[in-house]
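Secondary and tertiary structure notes
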Amino acid sequence: VQLQAYGGGLVQAGGSLRLSCAASGVIYSINSMGWYRQAPGKERELVALISSGSSTNYADSVKGRFTISRDNAKNTVYLQMNSLKPEDTAVYYCNAVITGATSVNRYWGQGTQVTVSS
């Protein structure tokens with residue numbers, strides 16, 4: 001199983017970006033999916049989570065600005081980021097708990113850089 005993230009880039013403050021992350025491989029089901037981020041010199045932190053039933057949770061710092069969603073038919077999770085701030089600059093990682101042929105495991109994508117200029 002692999003997770004492939006797309007959509008990072010450079011944007012001005014107040015702008016928007018949409019991240020995507022697609023899971024591939026032998027997948028029986030995908031449980032929770034989420035996005036984390038890590039800024040230089042800081043710990044990786046949770047940004048948003050979405051359950052298999054599409055319940056969502058957000059970090060306080062992104063509530064009202066970011067929206068997480070998923071397309072189960074495409075095994076894909078999205079993160080719509082609006083009203084971006086310079087403090088949102090980080091490497092964003094997608095994450096998923098996936099049931100495969102013989103086990104349940106947590107997988108990470110490769111990370112995509114988001115840079116917000118002031």
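Described in the following lines is the structure provided in the data block. (Residues numbered from 1 in each chain as written. Predicted model: local features only at pLDDT ≥ 70, side-chain atom pairs only at ≥ 80, totals over all residues. Heavy atoms only, no water.)

Details of the packing of aromatic side chains
Under the convention used in this document: Only rings of Phe, Tyr and Trp enter the pairing, Trp through its six-membered ring, and a pair is recorded when the two centres are within 6.5 Å. The plane angle decides the type: under 30 degrees is stacked, over 60 is edge-to-face, the rest tilted. In DSSP terms, a helix is any run of H or I states spanning at least four residues, a strand is any run of E spanning at least two, and both are numbered starting from the N terminus. When accessible area is computed with a 1.4 Å probe and restricted to protein chains, residues below 20% of their type maximum are described as buried, those above 50% as exposed, and intermediate ones as partly exposed. Counting as a charge over the ring demands two things of the Lys NZ or Arg CZ atom: a distance within 6 Å of the ring centre and an angle within 35 degrees of the ring normal.
Using the criterion set out here, one finds one aromatic pair in the structure. With a centroid separation of 5.0 Å and an interplanar angle of 65°, the aromatic rings of Tyr36 and Trp108 are classed as edge-to-face. Taken together, the residues span a long stretch of sequence, with Tyr36 in strand S4 (residues 29-38) and Trp108 in strand S10 (residues 104-108) at a distance of 72 residues. Residue classification places Tyr36 among the buried positions, given a relative accessible area of 17%. Cation over ring: Arg18 sits above Tyr78, and NZ or CZ is 4.1 Å from the ring centre. Just above the ring of Trp108 sits the side chain of Arg44; from NZ or CZ to the centre is 4.7 Å.

Some remarks on the state of the cysteines
Note the following rule: The disulfide definition used here is simple: a pair of cysteine sulfur atoms within 2.5 Å.
Throughout the structure, instances matching the rule amount to one disulfide. Here Cys21 connects covalently by a disulfide to Cys94, the sulfurs 2.0 Å from one another. Negative torsions about the S-S bond denote left-handed disulfides, and the value of about 50° found for Cys21 with Cys94 makes this one right-handed. Pair noted here: Cys21 is in strand S3 (residues 17-24) and Cys94 is in strand S9 (residues 90-99), with a separation of 73 residues, a long-range link. On the basis of relative accessible area, Cys94 is assigned to the buried category, the value being 0%.

Observations regarding the pattern of salt bridges
Our working definition: Counted as salt bridges are all cases of a side-chain nitrogen of Lys or Arg within 4 Å of a carboxyl oxygen of Asp or Glu.
A full pass over the atoms with the stated rule returns four salt bridges. Across the pair Arg37 and Asp88 runs a salt bridge whose closest N-O atoms are separated by 3.0 Å. With Arg37 in strand S4 and Asp88 in the loop between strand S8 (76-81) and S9, the pair connects residues that are 51 residues apart, well separated along the chain. A salt bridge links Arg65 to Asp88; its shortest N-O distance comes to 2.7 Å. Remark: Asp88 occurs in the loop between S8 and S9 and Arg65 occurs in the loop between strand S6 (56-58) and strand S7 (66-71); sequence separation between them is 23 residues. Among the ionic contacts, a cluster of salt bridges with common partners joins Arg37, Glu45, Arg65 and Asp88.

A look at unusual backbone geometry
Backbone geometry places Asn75, a non-glycine residue, at a positive phi of 50°. On the basis of relative accessibility, which here comes to 24%, the residue Asn75 falls in the partly exposed class. Despite not being glycine, Ser83 shows a phi value in the positive range, around 50°. Among the secondary structure elements, Ser83 is positioned in the loop between S8 and S9. Relative accessible area serves as the criterion here: at 42%, Ser83 is assigned to the partly exposed category.

Quick notes on the pairing of S9
Definition in use: If DSSP finds at least two bridges between two strands, the strands pair.
For S9, the buried fraction is high: nine of the ten residues fall into the buried class. Across eight bridges, the pairing between S4 and S9 is antiparallel. Bridging from a neighbouring strand, Ile30 pairs with Ile98 of S9. The pairing of S9 with strand S11 (residues 112-117) spans three bridges and is antiparallel. Paired with Val91 across the two strands is Gln113, which belongs to S11.

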